[in-house]
Amino acid sequence: MDNRQSNRMICNLNANIISGGKSCGGFIDNVSEDGIEYLMTSAIRSSIDFVPERIITLSFQTPSGKILYLNCEVKWYLRTAPDDETLTVGMKILDPTTAYHEFLQDMDRESIH
């Protein structure tokens, strides 16, 4: 059963997570009004900075060129294999900005065409 409250839009945007003073590169896999799924491609040794309830900052550039910084709460993370150094992280956006809502509207308009 899917517990999501908002519709997800698939995307592929380069992004960075900043947590514990570290920046980790990756990309956003999908977005919604209140959440983001992020695939971390930076090699990490420990997932301690990405445990549920941890507050992190996500930054990315929208297709229109705006750079967004979003405070997010980690809701879940998944390491696909024990020896894999990448993570998939599900995040809840805390207080989404007006710029983020505009980005979603633009994404929605593009998906219609």
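Residues numbered from 1 in each chain as written. Predicted model: local features only at pLDDT ≥ 70, side-chain atom pairs only at ≥ 80, totals over all residues. Heavy atoms only, no water.

**Considerations on the sheet that holds strand 2 (residues 22-31)**
With antiparallel pairing, the six strands of this closed barrel are ordered in space as 1-2-3-6-5-4. For this sheet the average axis-to-axis angle between neighbouring strands, irrespective of direction, equals 45°. Where strand 5 (residues 67-78) meets strand 6 (residues 87-93), six bridges bridge the pair, whose relative direction is antiparallel. Its bridge partner being in strand 6, Leu 78 is matched across the sheet by Thr 88. (Pairing = 2+ DSSP bridges. Helix = DSSP H or I, 4+ residues; strand = E, 2+ residues; numbered from the N terminus. Axes fitted to C-alpha atoms, helices over the stretch in contact; angles between N-to-C directions.)

**With respect to the confidence of the model for the chain**
Detail in the predicted coordinates should be disregarded across regions flagged by low pLDDT. For the chain, mean pLDDT is 86; residues scoring 70 or higher make up 87% of the total. Model confidence for the chain, summarised as mean pLDDT per element, is weakest for helix 1 (residues 98-112) at 88 and strongest for strand 4 (residues 55-61) at 96. (pLDDT = per-residue confidence, 0-100.)

**Considerations on the side chain of Thr 62**
By secondary structure assignment, the location of Thr 62 is in the loop between strand 4 and strand 5. A polar contact is formed between the side chain of Thr 62 and the side chain of Ser 64, at a distance of 2.9 Å. Not counting residues within four places of it along the chain, the set of residues in contact with Thr 62 comprises Leu 68 and Phe 103. (Polar contact = N/O pair within 3.5 Å; in protein donor to acceptor, adjacent residues only side chain to side chain. Contact = heavy atoms within 4.5 Å.)

**Things to note about the packing of aromatic side chains**
Evaluation of the coordinates by the stated rule reveals two aromatic pairs. Each ring, one from Tyr 100 and one from Phe 103, has its centre 5.8 Å from the other, and the planes form 45°; the classification is tilted. Separated by three residues within a single helix, Tyr 100 and Phe 103 lie in helix 1, roughly one turn from each other. Phe 103 gets classed as buried once you look at its relative accessible area, which sits at 4%. Three or more aromatic residues joined by ring pairs make a cluster, and in this case those are Phe 60, Tyr 100 and Phe 103. (Phe/Tyr/Trp six-rings, centres within 6.5 Å; stacked < 30°, edge-to-face > 60°. Buried < 20%, exposed > 50% of the residue type's maximum accessible area, 1.4 Å probe, protein only.)

**With respect to the pattern of salt bridges**
According to the stated counting rule, one finds three salt bridges in the structure shown. The salt bridge partner of Lys 66 is Glu 102, with a shortest N-O separation of 3.0 Å. Remark: Glu 102 occurs in helix 1 and Lys 66 occurs in the loop between strand 4 and strand 5; sequence separation between them is 36 residues. Accessibility expressed as a relative area gives 33% for Glu 102, which makes it partly exposed. Residues Asp 106 and Arg 109 are paired through a salt bridge, measuring 2.4 Å at the closest nitrogen-oxygen approach. Of the two residues, Asp 106 and Arg 109 are both situated in helix 1; the distance of three residues between them amounts to about one turn of the helix. (Salt bridge = Lys/Arg side-chain N within 4 Å of Asp/Glu carboxyl O.)

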